[in-house]
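# Architecture and fold: a report
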Amino acid sequence: MIQDIGVNRFHNEYCKEKPDPDSIVLCYRGREIFVKCEEDQLIFLTYEEVTGQFPELKGHETYLFRIDEKKFFLFRDPYGAGLNEKLSEKFPAYGWEKIERMRTASSLDLAFAGVTGMQLSNWYSSRKFCPRCGHPLIHSEEERMMHCTACGQVEYPKICPAVIVGVVHQDKLLLTKYAGRAFKRYALIAGFAEIGETIEETVKREVMEEVGLNVKNLHYYKSQPWSFSDTLLMGFYAELDGEETIRLDENELSVAQWCTREEIPEDDGISLTREMMRVFKEGR
């Protein structure tokens, strides 16, 4: 999965780190990332390269995380306000790539860094002012947290809990396709947790809402951080409880069908959904 970065170790604890010349700078434009791709290898700009062209940015970087000993930084507004417009001019060998490009890159550690950095970049850009009183938010010196000195409001990075559900009936797995989305491959039942419910209740509610089925014997599989949508995914397998007739919610899904192991498509993707489908297909 995307967080599986081999022998490399991801250090997400916030520290008062200073950049080295070869520290990596992650630059974003909406859901695009500034990168050079050479045969699926990712190359990001270094701190020395960026500040060499934009010396006014020195000292205005925000530490993100480390992978092994490599540090990753972000330049935030207002200091980076004009950066995106000039990057292509100063670094013509690089370009703006859709963040989904990280899903197929062979540089596993850098792809994971690129996606995770976008999640933090989006959080910082949407947390400039206090949502309670409107005063500017200040970054804590001790942790990854924004706080308001006027009213005391605190803001932590946005993480949305959600479930992925593999509904099993005898030797079949329920596969679905989303309605109205560009993503057309098979998926599993999925949805976000609501206020006041347990994750187990989320599983049962989402299955009932999307396909009108009851489930029992929930079995937790594993979790996955999915920074493409600020989500922490929790995967469950569940057995059908009762009638197998599907009542499709056409606002959410275009397809829902029972598939045998042989009918499940081959896919070595990086998502929890694809792994759960593969595990069932292989009879594990």
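Here goes a summary of the coordinates provided. (Residues numbered from 1 in each chain as written. Predicted model: local features only at pLDDT ≥ 70, side-chain atom pairs only at ≥ 80, totals over all residues. Heavy atoms only, no water.)

### A look at the packing of aromatic side chains
The line we're drawing: Only rings of Phe, Tyr and Trp enter the pairing, Trp through its six-membered ring, and a pair is recorded when the two centres are within 6.5 Å. The plane angle decides the type: under 30 degrees is stacked, over 60 is edge-to-face, the rest tilted. Strands are runs of DSSP state E lasting at least 2 residues, helices are runs of H or I lasting at least 4, and numbering of each runs from the N terminus. Note on exposure labels: buried denotes an accessible area under 20% of the residue type's maximum, exposed denotes more than 50%, and partly exposed covers the range between, all computed with a 1.4 Å probe on protein chains only.
Counting across every chain of the model gives 13 aromatic pairs. Each ring, one from F34 and one from W96, has its centre 5.0 Å from the other, and the planes form 55 degrees; the classification is tilted. One end of the pair, F34, is in strand β4 (residues 32–38); the other, W96, is in strand β9 (residues 95–98), with 62 residues separating them in the sequence. You'll find F34 and W96 in the same group, each marked buried.

### Concerning the pattern of salt bridges
Note on pairing: side chains with opposite charge can pair once their charged atoms come close. Quick note on the threshold: Every case where a carboxyl oxygen of Asp or Glu lies within 4 Å of a side-chain nitrogen of Lys or Arg is listed as a salt bridge.
The tally for this structure, following the rule as stated, stands at 14 salt bridges. A salt bridge links D20 to K71, with the shortest nitrogen-to-oxygen separation between them at 3.5 Å. With D20 in the loop between β1 (10–11) and β2 (24–25) and K71 in strand β8 (residues 70–75), this pair connects stretches of sequence that are 51 residues apart. Residue D20 is classed as partly exposed on the basis of its relative accessible area of 31%. Its relative accessible area of 12% is what places K71 among the buried residues. Across the pair K70 and D22 runs a salt bridge whose closest N-O atoms are separated by 3.3 Å. Residue K70 is found in strand β8, and its partner D22 is found in the loop between β1 and β2; the two are separated by 48 residues along the sequence.

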